[in-house]
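Coordinate analysis (summary)
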Amino acid sequence: MSDPGETPSDRSPARFAVVGRVNKGKSSVLATLVEEADNQRLRIGPTPGETTRCQTIPLTLNGETLVEFIDTPGFNQARQALAWLRAHHREEEGRARLEAVRQFVATFRNTEEFVDECRLLQPILDGAGIVYVVDASKPYRTDFVAEMEILRWTGRPRMAVMNFLSGDTSHAQEWREHLGEFFNLTRDFNAHTARFRERIRLLRHLLEIEDRHRGSIEKTIQLLESGWNRRREDAADIVINLLQRALTEKACKNASHEDTRRSHRRQQVEAKLQEEYRTQIRMLEGGQHARLSQLYRHPKAEMTHESGDAVLEGDDLFAEETWQVLGLAPMQLAVAATLAGGAAGAGVDLATGGATHGLGTVIGAAGGFIGALWKGRALAEIKIDHPLLGGGLNPGGVKLCAGPPKNPNFPWVLLDRALYHFEHLVTRAHGRRDRFVIDFADLTKAGEGSRQGYASRIGADERKVFGRWFDALSRGRAEAIGDREVFSALVQVLGRIETGELRVRSNGSLEEDC
Amino acid sequence: MQKPNPIPLPPSDPLTWSLVDLVDLEWQLALDAEVSAEDLWDRDRRISREQLVPVLGKELVPEAGREIRSCGLRLWLEEVRKSCREESVGEMVCHGRGLMALILGFIAVTAGSGLVFGLLHREWRYFNVVHFLLATLAPQFLLLLLLLLGRVWGKIRSPSHRSTSLWRNLLADLWSKLATHAWTRRLSDVALRARTGKLGALVRPWLVWPVARLTQTAAIWYNLGIMGAFAGILLGMDVRFFWESTPGVSAEEGLHQVVATLATPWSWLAPQTVPSLSGIHDTRIAVTGTEGGWHEPEGVRSAEIWVPFLFTTLGIWGLLPRLILLAFCSWQERRMLLRQNFGDRQHRELWRRLAESGRLMVNVTGPGDDAIVLCWGGVEPNPEELRPVMLQQLRLNPVQWFTAGGLDVTTDSVAIRSLANLAGEKSAAPLPLVLIAESWGLAPRDLAAFLTSLRKELGVSPSIRCLLIGEPKAGHILTPPKAEDLRIWEKFAADLGDGGFIIRPLRGIQA
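Because the structure is a prediction, the values reported are computed rather than measured.

**Let's talk about the overall build of chain B**
Broken down by element type, chain B carries 18 helices and 10 strands. In chain B, which comprises 511 residues, the proportion classed as buried is 26%. Across chain B, the fraction of contacts at a sequence separation of at least 24, relative to all contacts at a separation of at least 6, is 79%.

**Focus: the nonpolar core**
Formed by 67 residues in total, the largest nonpolar core has its most connected members in Val 239, Phe 422, Leu 490 and Val 493 of chain A. Ranked by size, the runner-up nonpolar core spans 59 residues in total, among them Val 67, Val 134, Leu 224 and Ala 429 of chain A.

**Topic: the sheet that holds strand 2 (residues 55-61) of chain A**
Here seven strands make up an open sheet; going across it, the order is 6(A)-5(A)-4(A)-1(A)-3(A)-2(A)-5(B) and the pairing mixed. Each of the sheet's edge strands pairs with one partner strand only, and the pair in question is strand 6 (185-188) of chain A together with strand 5 (361-362) of chain B. Bridge analysis of strand 4 (residues 129-135) of chain A against strand 5 (residues 158-163) of chain A gives six bridges, and the strand direction is parallel. Paired with Ile 130 of chain A across the bridge in strand 5 of chain A is Arg 158 of chain A. The strands touched by helix 4 (residues 115-125) of chain A within the sheet are strand 1 (14-20), strand 3 (64-71) and strand 4 of chain A, with strand 1 of chain A carrying the most contacts at an inclination of about 155 degrees.

**What about the domain arrangement of chain A?**
Residues and elements named next belong to chain A. Domain annotation of chain A identifies domain 1 (14-209) and domain 2 (226-512). At the junction of the two partners, domain 1 supplies 16 residues and domain 2 supplies 12 residues. No other element matches helix 1 (residues 26-34), which puts four residues into the side of domain 1 that touches domain 2. Here the side of domain 1 that touches domain 2 is built from residues that sort into seven nonpolar, six polar and three charged.

**Digging into the domain arrangement of chain B**
Domain parsing of chain B yields domain 1 (19-85), domain 2 (89-156 + 167-338) and domain 3 (370-505). Distance from the C-alpha centre of domain 1 of chain B to the C-alpha centre of domain 3 of chain B: 57 Å.

**Structural notes on the confidence of the model for chain B**
Residue and element names in this part refer to chain B. Looking at chain B as a whole, the pLDDT averages 81, with 82% of positions reaching at least 70. Low pLDDT, under 50, characterises residues 1-5; the stretch is placed with zero contacts to residues that sit more than four places away or in other chains. Counting contacts from residues 158-165, a segment whose pLDDT is below 50, to residues more than four positions away or on other chains yields 13 contacts. This prediction of the complex comes with two scores: 0.77 for pTM and 0.76 for ipTM.

**A few points about the sheet that holds strand 9 (residues 464-469) of chain B**
All names here are of chain B. If you walk across this open sheet you meet the five strands as 7-6-8-9-10, and the pairing is parallel. Of all the strands in the sheet, just strand 7 (397-404) and strand 10 (501-505) have a single pairing partner and so form its edges. For this sheet, the mean angle separating the axes of adjacent strands, direction not counted, is 25 degrees. As judged from the seven bridges shared by strand 6 (residues 370-376) and strand 7, these two strands associate in the parallel manner. If you follow Ala 371 over to strand 7, its bridge partner there is Pro 398.

**What about unusual backbone geometry?**
Residue and element names in this part refer to chain A. Notably, Asn 23 is not glycine yet its phi reads approximately 60 degrees, a positive angle. Residue position: Asn 23 is located in the loop between strand 1 and helix 1. Phi is positive for Arg 297, which is not a glycine, with a value near 55 degrees.

**Some remarks on helix 10 (residues 263-295) of chain A**
The first and last C-alpha atoms of helix 10 of chain A sit 48 Å apart over 33 residues, in line with the 48 Å expected at 1.5 Å per residue. Leu 273, Gln 274, Tyr 277, Ile 281, Gln 288, His 289, Leu 292 and Ser 293 of chain A are the residues of helix 10 of chain A that are buried.

**A closer look at the pairing of strand 6 of chain B**
All names here are of chain B. A large share of strand 6 lies buried, amounting to six of its seven residues. Read from strand 6 through helix 15 (residues 383-394) to strand 7, the crossover connection turns out right-handed. Here strand 6 runs beside strand 8 (residues 433-438); their pairing, made up of four bridges, is parallel. Within the sheet, the bridge partner assigned to Ile 372 lies in strand 8 and is Leu 433.

Rules and cut-offs
Within every chain, residues take consecutive numbers counted from 1 along the sequence as written. Working convention: letters from A go to chains and numbers from 1 go to ligands, in the order in which they are written. Thresholds applied to this predicted model are a pLDDT of at least 70 for local features of residues and 80 or more for the giving and counting of side-chain atom pairs; totals over whole chains, interfaces and linings are not thresholded and use all residues. For helices the rule is a DSSP run of H or I covering at least 4 residues; for strands it is a run of E covering at least 2, with both sets numbered from the N terminus onward. Partly exposed residues are those whose C-beta has more than 12 but fewer than 20 other C-beta atoms within 10 Å; with 20 or more the residue is buried, with 12 or fewer it is exposed, and the C-beta atoms are placed from the backbone. Residues are treated as contacting if the C-beta atoms built from their backbones sit within 7 Å of each other. Put simply, a nonpolar core is buried Ala, Val, Leu, Ile, Met, Phe, Trp, Tyr and Cys residues tied into one set by C-beta atoms within 7 Å. Any two strands between which DSSP finds at least two bridges are classified as paired. Axis definition: a line fitted to C-alpha atoms, limited for helices to the stretch in contact. Angles are taken between N-to-C directions and run from 0 to 180 degrees. The split into domains, and so the bounds of each, comes from an automatic or database assignment of domains. Each residue is assigned to one class: nonpolar for Ala, Val, Leu, Ile, Met, Phe, Trp, Tyr, Cys and Pro, charged for Asp, Glu, Lys and Arg, and polar for all the others, Gly among them. Each residue carries a pLDDT value, the predictor's own confidence for that position, ranging from 0 to 100. The length a helix should cover is 1.5 Å for every residue beyond the first. We call a crossover right-handed when, viewed with the strands running away from us, the connection from the first strand over the helix to the second turns clockwise.

Here is the structure:
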């Protein structure tokens, strides 16, 4: 057993034991800190004593452990343990208090007494720093002094973390004063609401109590930050992939000439095809949203329609309510379409070497404006193509294709829903163990006809970039302009959602902090 | 002192991109879409470590510029190629282009020379110079104009028509038919991917200039065919040149004007090659005034007037524009290859994998306190009630439940078999077993026989904790056992002689 006073080699990982009273959120803090949402791996529950033994959680880079957290069982008999320590410690004999703690563990390690105390103290005796977690949403009581005193006896660098399980912060000051007597540092960390920046802040605080492993802790923080940036870019690419496919894919089927000649049969075939298209796009959206969930380590996130709950009208992508509150307002849509149409027309002007005297730009812009006003009313009505209708070259029948919707708001609605999903993922702490349901109906319920999404609130420049790309996609010319610009714009928007600068309130309305 | 290269590239490998490389890169990325993220991560991290880091060093960062990305991706492609046994798709495409160039060249030479032979009046051995100029030059310029208009039209045309056009459908059907033949399967796979847009959408813009270059090469061969056939005819035959028109003087002046315009680029340098007005007059076929009489130009004189002009016109207006266009297409192709910034989605994803300084892995393996519960003798505690008790008193978390010792003796063997199967599935140490029994209902021989059978199947390794509960009270099954019952069980355990069988009485649980 190594002495806690010894200086480990530089390459040894920084180790921190997360300790505290039973059922006060130690595992929640750790789960949020290391993004572990799986309850089988890191158990969190209302039953006291869910953590039965020390669980080591290494953070590794290429197989090398940089930082190690140890989840420990909670203090169960701290008062009795302290009494034993005081009884067996003789100040006059000049023994360090640590020696008494060591003797305590040695005495009870293989007995039925002080099982949890022995287990939680062992890693500290082995040299781990202490992260002491309290539920500061409950009032301070003097019986906590026993466990704090025991931890002080170990002499290890220690930090207190005030977790707020019920959200009440009225006792925070009282806790802070008492914790200050026993700990080098006291910091707030709500394991149920903490976002990425708060997690990083907590890790930085570890540097203040454990300077010997500055290198590995800083490396960990740097890797977490670069990983977070990479995730944002991955998320942007997932959203781009969703939009790209949704705007270019169609549902096609071969229909007999008989089906297409008779009006009622043709309507039936078209209705069926449109439904197939809707299903295809819903599956596409669900799949890409699931990829987002995986990316942010929330594999169990459910969207309402797959969670088994009654599907509300506003939850569906093609529901009228969805299209009335998400996407762009009619005038915004018209402006975006005008700009995109103008840009496409300018391409024609350029191609003719200016011979059209800017007529292409004017016609393109006017076409975009009129089209947006006209088609913008069509809500989720889906376009049907008849490429070979009446051609007579295909004796087996004709090929009918459905999609995408006529309404130019379609990509904006999809974008809003993807961003809404994204916001839920980046604001959901992994320490929460309640069911994670992303309910799109929340947006539409609160909307009451006004635009509630992100698309209507992002900057005009960003909207212009998106608009141009959507227009290019719908014209089949996306490869000509590429998606680099839209990628950069989307990364910016996602960054603003992460920081809370662009967000949807719990009641569904969106607010923007400037 | 030599200035150090900002990117320390190996001198033997200039790391430039060819069309073969670009197609191969996109092909590989299209294949990668079907590979798991973990496998891609492992492969690309290895390549990054072994190939990119030694060359790019600290320049290898996610936000690296175009040059670094280009270099990194080129190194990556080389490494991926090493592990690929199949023929490079890029080479297939380029071989196809070469073959297409050969076929088109042959067709073009044949068409050009055929056109000239077609313009020669076989019987009288003369060329009508107006027809000659119109037939050899006008279609080329008309085609060029049509292509230009088509390009403009394509820009403003609706995509839905294009993507579902008759031509596309027919080509797709043709490919699917070809795909049934084994020898075309791989080729067809490429085509199918291109159709679905995985590869095609990305490769298509890169093929614009190579295809344009191909067409210009064909046009050069066409013009060479024309000029070659024309030269051959002049060398082998005595050919006359003329022109004819109903209006007299004005037509001569008109033709002279056209000739002068066509000769503008070179007339200042070689005025003798431009037919004069008198020359044009002399080579006109006209009625002489006598009945049935014609004025026909002399063969040698008409050739002297027209051959230099026609040759130079073919060279300047037929061949030269094509050479210029070919040079332009080649320059554009090179520029396109040089200016690739590899910023599309697939490139970005790959670059992130390559350039990331490392990914922090969090390894949470679980608390390792899982246990199997075996309820003995018909006792059936509520799992929701028992779980907290087990967590707090045994420090174990129940994950699976079995029953034995009930009325039906076959349930004992079923439970033993299930437990044995479970132990067989686990590669790690077997999970501990918790036997829940009521302290007042011990039937020693029955339980001993069961435990012996159990040990026979499971071996000695899993410990068996026997959690004893007392008599149920007020519908509450989890009560502590009486002291005298506990003593009986302790004696039973001692007589059993199984060191792994541990008696654990339930501690005070209040109803």
